[in-house]
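Chains, contacts and geometry: an overview
Here are the chains, one letter per residue:
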Amino acid sequence: MKKFLFLCLLIISGKFFTQQLPYATLPEPHLLSLNYLNSLVGNNILYGATPPNYNGKTILFTHGFIGSTESLLIGNSMYKEAYTAGYKTAFVATSRLKGDWENGEILSRAIDQVGNHLNTNTMTIIAHSNGGKAADVALLEYQKINKINKVITLGTPHWGTQIADFANYPGLEWITGALGLGTGSQLSTTYYCETYFRPYMDSHPLNQPQKFYSLGAWGFSRPLGLLSPVIIPAGTTIAALGGGKNDGVTPFYSSTRPGAKQLMTDTDPRGYINHVDIMEGIYVWDEAIKPVLDGQVVNTGVSGRTTQSENKELKAVSNYQLVSSEEPESLQLSKDAKNVQFEIITKNSNASVDITDPMTGKAFRQIRPEIKDNRNAENHLLSSNYTLENRPIKLNSNSEFIAVVQDGIDNPMEYKVVKENGKTYLEISFPKLTSDDLNKVVLKSSAYRVSGLKGEGVKEKSVNVKFNLQDNKFLADVSNEESGVYSIKLNAQIGNGIKRTLLNGFVVSTVGNDVNKTVESVKKDLVFALDGNPVIESSKLVSGTELRGNVSVKIYNYASKLMNEYTVKAKGERNIELGKYTKGLGKGNYVVIVDYNNTKESIKFIKD
């Protein structure tokens, strides 16, 4: 009961909400030190000093998946730039290595609290990495959109990142740790973002895409910076998996939120920075942020909702095979393959991998980490070209590893997730194969449910996904699987010694996989309103649709004290009693929280 009450209280906004996030105040930028910042550990909100030239505007900064408030303040000129330009600031810490829904709830509370503390009705959000997706949740799911005038996202993987696809297959979780990206990244997979998160947010009735500005970068190979030994391997892996230009975490194409204005192109030399650089003021304040804040760059695009088609498709392409230490069989390479490219991630830093003869164990070549100027002292990526010379080979190492092996032969496997008419289908095709060739393809799959729809931790569960060849495509209907996020590995032997592998996934939703209808349902069916305010004895809570089942109602006073609670067993009514439950209340302001069909709403009212 106490836990449920606490969750209810989190919904109450503004001055009615007393369960505040811990906060502290920073000194002026030139007085800030790491020791001082360390003394403020444990505070979710750090308020910047008020600048002498205060311009009446506020910026709320928030970090990403692996970041922290410290990364926005120490060795970073963001605070100084904003202070000098006359902005009040607030730096909000959410939960590191947690999902967008959880962090979006924290950010929504911070928006209310910052607004009250600084006495401002609107502010601009500047969000790094997954902080941009948390902003989506805060503004739309928690209805803070009217308190924000602009959102600038920096390197946010709005459409997910291939490195998360790779790392969420059971047994390969070590990859994100080896690359310094943390764990629990199910909600940053391309399949989750493209087929669930983005359709949900872009079709939301509160979505105002014209408020969004996106900044992407493509300089993962930039050799400077303390985290280059991490960024470079991750970016190389993303490129090898088909993500194209990227900043070491986010593919450039993924950095643009639908309807947002992209602030740089992928050929702009200023964008040759990496995922860490893109949150640093020295690289992005004058080049991208200041023009937006000053109104020199305006998003004049679509206003209102961006509607996603119901049959939105996710497509991934593999022209490679994967070999790991968990599956030590010999490489299956076509006799037509001559120059083979290896991109190998090792669990242990500075490990080497041997190319050996599978019969004798003799090493033909050793692939070693490349060390340059001591910058790559913690290297987890190995790259090598190898001339095959018509002989079978095998990879061996004293470390766990996974290798992306490209044979140079253009014979891809294409994977799609298709959502259509309330169903979810997986589709595998081989565009270079004839009908006769397709009948000879040996396709194997293994799939696991890895989390709930919003990243809830679950016990990994293996599921049987069966593909059937129909109309020159391999199809599987996964609509009847349990709601959640799934990871899938596909292996295909397609003849002439050619093998293709793909790690990806899919999302199953028990609400028919039609997010548009779900959001519209929330808009039309689950929004309550008062039939009059101030509330009198005959006042009612009115719904736009028939109510069926239990409707829980709780009434709180200014101090968030529970004053009354009751449950109505609705049988098709469109309104429920409120006024008669306020008879004993004194004059003043109150909040009523209505919980119906797993959706909660808070409404402020006055009692005369």
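Residues numbered from 1 in each chain as written. Predicted model: local features only at pLDDT ≥ 70, side-chain atom pairs only at ≥ 80, totals over all residues. Heavy atoms only, no water.

**Observations concerning the overall build of the chain**
- Summing up its helical and strand segments, the chain has 13 helices and 31 strands in all.
- For the chain, the proportion of its 608 residues judged to be buried stands at 56%.
- Residue pairs at least 24 apart in sequence account for 74% of intrachain contacts in the chain once pairs closer than 6 positions are excluded.
- Taken as a whole, the chain presents about 25700 Å² of accessible surface, with 47% of it coming from carbon and sulfur. (Helix = DSSP H or I, 4+ residues; strand = E, 2+ residues; numbered from the N terminus. Buried < 20%, exposed > 50% of the residue type's maximum accessible area, 1.4 Å probe, protein only. Contact = heavy atoms within 4.5 Å. Areas by Shrake-Rupley, 256 points an atom, 1.4 Å probe, with all protein chains shown as cover.)

**Points about the pairing of strand 16 (residues 401–406)**
- Burial analysis of strand 16 places 5 of its 6 residues in the buried class, which makes it a mostly covered element.
- Pairing between strand 10 (residues 321–324) and strand 16: 4 bridges, direction antiparallel. Looking at the pairing, Val323 lines up with Ala403 of strand 16. (Pairing = 2+ DSSP bridges.)

**So, the pairing of strand 6 (residues 148–154)**
- Of all 7 residues making up strand 6, 6 are buried, and the element is well covered by its neighbours.
- Note: strand 5 (residues 123–128) against strand 6, 6 bridges, orientation parallel. Considered in strand 6, the bridge of Thr124 is made with Lys150.
- This β-α-β element, strand 5 to helix 6 (residues 131–141) to strand 6, shows right-handed connectivity.
- As defined by bridge partners, strand 6 adjoins strand 7 (residues 212–215) across 4 bridges and the pair is classed as parallel. Bridged to Ile152 within strand 7 is Tyr213. (Right-handed = clockwise from strand over helix to strand, strands pointing away.)

**What to know about unusual backbone geometry**
- If you check the backbone angles, Asn472 has positive phi at about 65° while not being a glycine.
- Tracing the backbone shows Asn472 in the loop between strand 21 (468–470) and strand 22 (473–477).
- Here Asn496, not a glycine, exhibits a phi torsion of approximately 55°, which is positive.
- Among the structural elements, Asn496 can be located in the loop between strand 23 (484–493) and strand 24 (499–508).

**Looking at the packing of aromatic side chains**
- Within this structure, the stated rule accounts for 14 aromatic pairs.
- An angle of 5° between the planes, with centres 4.8 Å apart, marks the rings of Tyr486 and Phe506 as stacked. Pair noted here: Tyr486 is in strand 23 and Phe506 is in strand 24, with a separation of 20 residues, a long-range link. Side by side, Tyr486 and Phe506 carry an identical accessibility label, which is buried.
- Each residue in the set Trp101, Tyr192, Tyr196, Phe197 and Tyr200 is aromatic and connected to the rest through ring pairs, giving one cluster.
- Here the guanidinium or amino end of Arg257 rests over the ring plane of Phe212, the centre of that ring lying 3.7 Å away.
- Here Lys454 stacks its cationic end above the ring of Trp101, 4.2 Å away from the centre of that ring. (Phe/Tyr/Trp six-rings, centres within 6.5 Å; stacked < 30°, edge-to-face > 60°. Lys NZ or Arg CZ within 6 Å of the ring centre and 35° of its normal.)

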